[in-house]
Amino acid sequence: MTLKRYLETPEVGKNFEKRKAGFSGTDQGWLSDIRARAMDKFMAAGLPGPKVEEWKYTNLGFLARFLANENFKILKTGPDAAETKRLFDRAYMGNIAGSVVVFVNGYFNPALSSCPDEDGVKFSIFSENPEAFRQSLAEPKQATSLNNLNRAMVTDGYYLEISAQTTMPQPIQIIHLATSGSDGQSLHTRAKISLAAGAKAKVIESFMGPDGPQYWTHMISDVDAAEKAEFCYFQFQLQGKQAIHMTEMHSTLLEKAKFTHMNLQLGAEVSRSEIMNSLSGEYAEIDLRGAYFGRVKQSQDIFTRINHDKPHCQSNQLFRGVLDAGGKSAFQGKVIVARDAQKTNADQSNKNLLLSRKAEANAKPELLIYADDVKCSHGATVGELDRDQLFYLRSRGLDEAAAKELLVEAFVAEVFSDMPGGGDTVVLQQRFIEKTRGWLSKEVSS
Amino acid sequence: MLEIKNLRVTVGGKEILKGLNLTINDGEVHAIMGPNGAGKSTLSYAICGKDGYEVIEGSVLYNGKDLLSMDPNERAGEGLFLGFQYPVEIPGVSNMNFLRTALNSQRRYQGAPEVKAVDFLKLIRAKAKELDVDPEMLKRDVNVGFSGGEKKRNEMVQMAVLDPSMAILDETDSGLDIDALRIVADGINRLRGQDKSILLITHYQRLLDYVVPDFVHVLADGRIVKTGTKDLALQLEAKGYAGLGIAENAA
Ligand SMILES: Nc1ncnc2c1ncn2[C@@H]1O[C@H](COP(=O)(O)OP(=O)(O)O)[C@@H](O)[C@H]1O
Ligand SMILES: [Mg+2]
């Protein structure tokens with residue numbers, strides 16, 4: 001077998017033709033044009049193969065196979081309501097006030113949603129108002145082949161726009177559910193989040209689905225934070241065991257803007273979370289943190305990039321991975337400090353804990369510095385549980401599973417211990433801990 | 001009652017304990033002294049079940065039960081406590097959370113109900129006060145950033161809260177100034193007052209001024225080579241191991 005730079009997926013073109021009539025916004029000529037052109041680009045390029053550096057740890061052969069077998073059907077009936085409600089109840093954090101926006105199998109679900117409706121906040125749904133997405137679809141922040149595929153096939157999405165000096169009093173929960181009916185489906189969603197100068201907002205996005213179906217969640221989000229804007233984002237990835245989960249978030253920060261991104265990856269068979277950021281104004285700050293967990297056939301990838309384009313910016317990255325037997329992960333984090341980005345402060349830390357000899361963690365931190373007056377650090381480690389710590393705990397009466405649980409929790413605690421941002425922080429921290437425990441208690445390998 | 005018979009233990013393939021015999025009856029305090037590297041810590045680890053301390057011969061019975069077939073946490077549940085020579089730092093785990101989990105694990109093992117959060121708080125505050133430990137320290141991560149003396153006192157807080165029937169204290173006195181030594185000794189004597197058994201491993205006889213042992217043993221080259229009373233510790237202090245015909249660094 002030869003490794004190709006790109007994988008061809010001729011079936012995708014046929015599927016596109018089949019799906020076309022069912023897309024949102026078929027009456028919009030400009031949109032059909034964008035879809036068709038994006039599709040042509042995707043077909044010309046194909047999926048990136050393992051020889052493409054960015055994809056060396058995630059072999060997209062499985063995705064090509066998934067797409068070849070995609071049994072897309074235009075669903076005549078909606079998803080099963082009872083199942084949807086069950087999933088919703090698990091994903092929704094009722095103890096956090098604020099609006100909630102629900103997508104089911106890639107489409108907006110008005111029945112379960114209560115969209116934001118506040119002064120200074122504009123909120124649009126793609127399937128209801130494609131026009132709002134025109135600019136972001138016409139001029140995407142990135143034009144990779146996967147991005148083109150998403151533009152061509154986009155099912156639904158949301159656009160959040162906050163006016164200058166407006167603080168959203170409460171966070172928005174965005175919930176993406178996949179039901180059993182999602183088997184073999186690609187769910188291509190998009191988001192655009194735009195904060196004008198001095199605006200503040202918090203978005204909590206959860207992804208959840210059952211273990212049975214194999215579906216592909218493919219979500220692309222663009223974030224623009226103008227001068228002094230503050231954006232806080234949480235992702236809880238709780239997908240079903242066979243799901244393919246891919247999210248890309250592209251952020252651009254102007255002067256003194258702040259972006260906090262917290263990321264918890266627990267589910268899916270294959271997951272890749274891309275967080276691509278440009279610090280395009282002085283004194284902008286970015287804080288990326290995450291924890292990922294993998295076992296039995298699970299693969300968790302975190303892919304970050306931070307472009308320090310302007311002086312006096314600060315970036316902080318803190319990621320912790322826990323891998324048990326059969327689990328695999330890759331952290332690829334790149335920081336690029338441009339020539340005139342003096343006084344840059346960039347910190348990157350990735351630590352991985354292997355609970356089994358049959359687990360694998362890859363770490364590839366990269367630092368490209370073209371300025372000379374900067375403070376940059378990065379560290380990546382892969383290790384096992386400390387035997388002395390384990391014995392200390394066990395000598396005090398904790399059984400092996402409890403001792404491991406405590407140590408694993410401690411290992412990831414740094415990610416959410418001093419979590420920034422507002423009154424619901426404790427609830428979100430609790431959510432992180434609770435979900436982490438749930439993962440651990442299912443089977444801490446011995 | 002702890003009964004150790006002909007205990008042989010290897011560490012990394014090397015025999016450290018070479019047929020050790022020791023019996024500690026309920027309510028007795030025994031002290032073990034011996035040169036560096038004699039195998040004192042090895043003995044404590046073997047009794048408590050640390051991985052890598054392989055028992056190749058002999059038996060250890062506690063109240064008639066075979067300790068060697070038990071997991072370390074089961075041994076703790078049976079009432080055993082090890083005060084570590086070098087208490088381990090555990091970043092990310094608070095003392096409080098750790099100790100409550102430990103206490104409740106032991107109580108579950110013993111078939112007793114778990115301790116309620118409020119009762120636990122009262123208990124730990126009282127014990128910290130007895131041992132002159134700042135309650136704020138208990139909120140911090142286990143032993144992280146503690147001085148040597150604070151770590152040892154923290155071991156004593158744990159012992160007081162867990163209330164074992166048999167405590168093995170491995171050089172709990174080293175690194176303590178005279179005031180701290182007195183506080184720790186008081187803690188040990190409180191346990192002793194309840195008729196619990198204690199095995200003190202120490203280098204210096206000064207602890208034994210405060211906690212007067214019923215028996216003193218000298219451990220050298222993997223065996224108990226001499227047994228006596230407190231006088232033996234005084235003799236050792238005066239003459240050294242060589243003066244009593246015991247080779248230093250025998251191991
Ligand atoms: N983990 C280990 N691996 C190899 N040798 C060890 C280990 N731990 C202890 N030893 C050896 O075992 C012997 C006894 O050590 P130890 O029980 O710590 O002595 P003591 O506590 O009496 O000073 C020493 O020679 C020491 O080097
Ligand atoms: Mg020792």
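Residues numbered from 1 in each chain as written. Chains lettered and ligands numbered in written order. Predicted model: local features only at pLDDT ≥ 70, side-chain atom pairs only at ≥ 80, totals over all residues. Heavy atoms only, no water.

Caption draft 1: Local environment of the overall build of chain B. If you tally the helices and strands in chain B, you get nine helices and 12 strands. Here the C-alpha atoms of chain B give a radius of gyration of 18 Å, agreeing with the 18 Å that 2.2 N^0.38 yields for 251 residues. Based on the C-alpha atoms only, the size of chain B along its principal axes is roughly 55 × 40 × 35 Å. Within chain B, buried positions represent 53% of all 251 residues. The long-range share in chain B, meaning contacts at least 24 apart out of those at least 6 apart in sequence, stands at 69%. Surface exposure of chain B reaches about 10,500 Å², of which carbon and sulfur atoms provide 47%. (Helix = DSSP H or I, 4+ residues; strand = E, 2+ residues; numbered from the N terminus. Rg over C-alpha atoms; globule rule 2.2 N^0.38 Å. Buried < 20%, exposed > 50% of the residue type's maximum accessible area, 1.4 Å probe, protein only. Contact = heavy atoms within 4.5 Å. Areas by Shrake-Rupley, 256 points an atom, 1.4 Å probe, with all protein chains shown as cover.)

Caption draft 2: Main features of the coordination of the magnesium ion (ligand 2). Residues and elements named next belong to chain B. Around the magnesium ion (ligand 2), the protein contributes the donor atoms Ser41 (OG) and Gln85 (OE1), which lie 2.1 to 2.2 Å from the metal centre. Highlighted residues: Ser41 in helix 1 (residues 40-48) and Gln85 in the loop between strand 6 (80-83) and strand 7 (90-94), separated in sequence by 44 residues. In this structure, Ser41 and Gln85 share a single accessibility class: buried. (Donors = N, O, S within 2.8 Å, 3.2 Å for Na, K, Ca; no water.)

Caption draft 3: Structural context of a negative patch on the surface. Together, Glu227, Glu255, Glu282, Asp309 and Asp340 of chain A make up a negatively charged patch on the protein surface. Structurally, Asp309 of chain A can be placed in the loop between strand 16 (299-308) and strand 17 (314-323). (Patch = residues over 30% accessible without salt bridge, like charges linked within 9 Å, V, L, I, M, F, W, Y side chains within 5 Å. Salt bridge = Lys/Arg side-chain N within 4 Å of Asp/Glu carboxyl O. Lys, Arg positive; Asp, Glu negative; His and termini not counted. Charge placed at Lys NZ, Arg CZ, Asp CG, Glu CD.)

Caption draft 4: Molecular detail of the interface of chain B and chain A. Contacts between the two partners involve 32 residues from chain B, matched on the other side by 16 residues from chain A. In this structure, Arg394 of chain A and Asp71 of chain B form a salt bridge, with 3.7 Å as the shortest nitrogen-oxygen distance. Here chain B and chain A share 10 residue pairs in polar contact (both at pLDDT 80 or more) between them. Broken down by secondary-structure element, the contributors of at least two residues to the side of chain B that touches chain A are helix 1, helix 2 (72-77), strand 6, strand 7, helix 3 (95-109) and helix 6 (148-162) of chain B. The dominant element in the side of chain B that touches chain A, judged by the number of residues it contributes, is helix 3 of chain B, at six residues. Residue composition of the side of chain B that touches chain A, by class: 17 nonpolar, 10 polar and five charged. (Polar contact = N/O pair within 3.5 Å; in protein donor to acceptor, adjacent residues only side chain to side chain. Nonpolar A, V, L, I, M, F, W, Y, C, P; charged D, E, K, R; others polar.)

Caption draft 5: How the structure looks around the layout of surface pockets. All names here are of chain A. Of the voids in this model, the largest pocket is the one considered here, and its volume is about 620 Å³. Around the largest pocket, the lining comprises 24 residues; the ones closest to its centre are Asp211, Gln239, Lys241, Leu266 and Lys442. When residues of the lining of the largest pocket are assigned to their parent elements, the largest contribution, five residues, is made by helix 9 (residues 425-442). Class assignment for the residues of the lining of the largest pocket results in seven nonpolar, seven polar and 10 charged. Split by domain, the lining of the largest pocket shows at least three residues from each of two domains, domain 1 (34-45 + 73-385) and domain 2 (386-441). (1 Å grid on protein atoms, 1.4 Å probe; cavity = no way out; pocket = protein on both sides within 12 Å on 5 of 7 lines; lining within 4 Å. Points joined across faces, edges and corners; volume = space filled by probe spheres on them. Domains from an automatic or database assignment.)

Caption draft 6: Summary view of the pairing of strand 19 (residues 345-354) of chain A. Residue and element names in this part refer to chain A. Counted residue by residue, strand 19 has seven buried out of 10 residues, so it is predominantly covered. The pairing of strand 17 with strand 19 spans 10 bridges and is parallel. Bridging from a neighbouring strand, Arg320 pairs with Lys351 of strand 19. Bridging between strand 19 and strand 21 (residues 375-384) involves 10 bridges; their strand directions are parallel. Pairing of Lys351 across the sheet is with Thr381, part of strand 21. (Pairing = 2+ DSSP bridges.)

Caption draft 7: Here's a closer look at the domain arrangement of chain A. Residues and elements named next belong to chain A. If you check the domain split of chain A, you get domain 1 (34-45 + 73-385) and domain 2 (386-441). Of note, the centres of domain 1 and domain 2, computed from C-alpha atoms alone, are 24 Å apart. A combined buried area of about 2,600 Å² lies between domain 1 and domain 2, and 71% of that area is made up of carbon and sulfur atoms. Our count for the domain 1 to domain 2 interface comes out at two salt bridges. (Buried area = accessible area lost by both parts, 1.4 Å probe.)

Caption draft 8: Region of interest: the packing of aromatic side chains. Throughout the structure, instances matching the rule amount to 19 aromatic pairs over all chains. Ring plane angle 45° and centroid distance 5.6 Å describe the contact between Phe16 of chain A and Phe23 of chain A, whose orientation is recorded as tilted. No difference in accessibility class separates Phe16 of chain A from Phe23 of chain A, as the two residues are buried. Joined through ring pairs, the aromatic side chains of Phe391 and Tyr392 of chain A together with Tyr45, Tyr53, Phe84 and Phe98 of chain B make up one cluster. When the ring centre of Phe23 of chain A is taken as reference, the NZ or CZ atom of Arg35 of chain A above it lies at 4.1 Å. Sitting above the plane of the Tyr45 of chain B ring, Lys50 of chain B keeps its charged end 4.6 Å from the centroid. (Phe/Tyr/Trp six-rings, centres within 6.5 Å; stacked < 30°, edge-to-face > 60°. Lys NZ or Arg CZ within 6 Å of the ring centre and 35° of its normal.)

Caption draft 9: Focus on the packing of helix 3 of chain B against helix 6 of chain B. Residues and elements named next belong to chain B. Two numbers describe how helix 3 lies on helix 6: the axes approach to 10 Å, and their chain directions differ by 35°. For the pair helix 3 and helix 6, the sense of crossing is right-handed. Residues Asn95, Phe98, Leu99, Ala102, Leu103 and Gln106 of helix 3 form the contact with helix 6, whose participating residues are Asn154, Gln158, Val161 and Leu162. Here the contact of helix 3 with helix 6 is built from residues that sort into six nonpolar, four polar and no charged. (Axes fitted to C-alpha atoms, helices over the stretch in contact; angles between N-to-C directions. Left-handed = near helix turned anticlockwise from the far one by under 90°.)

Caption draft 10: View of the site of ligand 1. All names here are of chain B. In the vicinity of ligand 1, the contacting residues are Val11, Lys14, Ile16, Pro35, Asn36, Gly37, Ala38, Gly39, Lys40, Ser41, Thr42 and Tyr53. With respect to ligand 1, the backbone of Lys40 contributes an N or O atom lying 2.8 Å from an oxygen atom. Contact between ligand 1 and Thr42: an oxygen atom at 2.5 Å from a side-chain N or O atom of the residue. For ligand 1, the accessible surface in isolation is 560 Å², of which the surrounding protein chains cover 62%. Of all the elements in the fold, those that place two or more residues in the shell around ligand 1 are strand 2 (14-24) and helix 1. Element by element, the count of residues in the shell around ligand 1 is highest for helix 1, at three residues. Considered class by class, the residues forming the shell around ligand 1 number five nonpolar, five polar and two charged. (Near = heavy atom within 4 Å.)

Caption draft 11: Examining the confidence of the model for chain B more closely. Residues with a pLDDT of 70 or more make up 98% of chain B, whose mean pLDDT is 93. Interface scoring of the predicted complex returns ipTM 0.96; its pTM is 0.89. (pLDDT = per-residue confidence, 0-100.)

Caption draft 12: Layout of empty space enclosed by the protein. Residues and elements named next belong to chain A. On inspection of all chains with the given rule, the structure shows four cavities of 30 Å³ or more. One number sums up the size of the largest cavity: a volume of about 70 Å³. Phe103, Gly106, His176, Leu177, Ala178, Leu187, Thr189, Phe207, Met208, Tyr215, Thr217 and Gln239 are the residues that line the largest cavity. When residues of the lining of the largest cavity are traced back to their parent elements, those giving at least two are strand 7 (172-177), strand 8 (186-195) and strand 9 (200-208). Looking at the lining of the largest cavity residue by residue, the class counts come to seven nonpolar, five polar and no charged.

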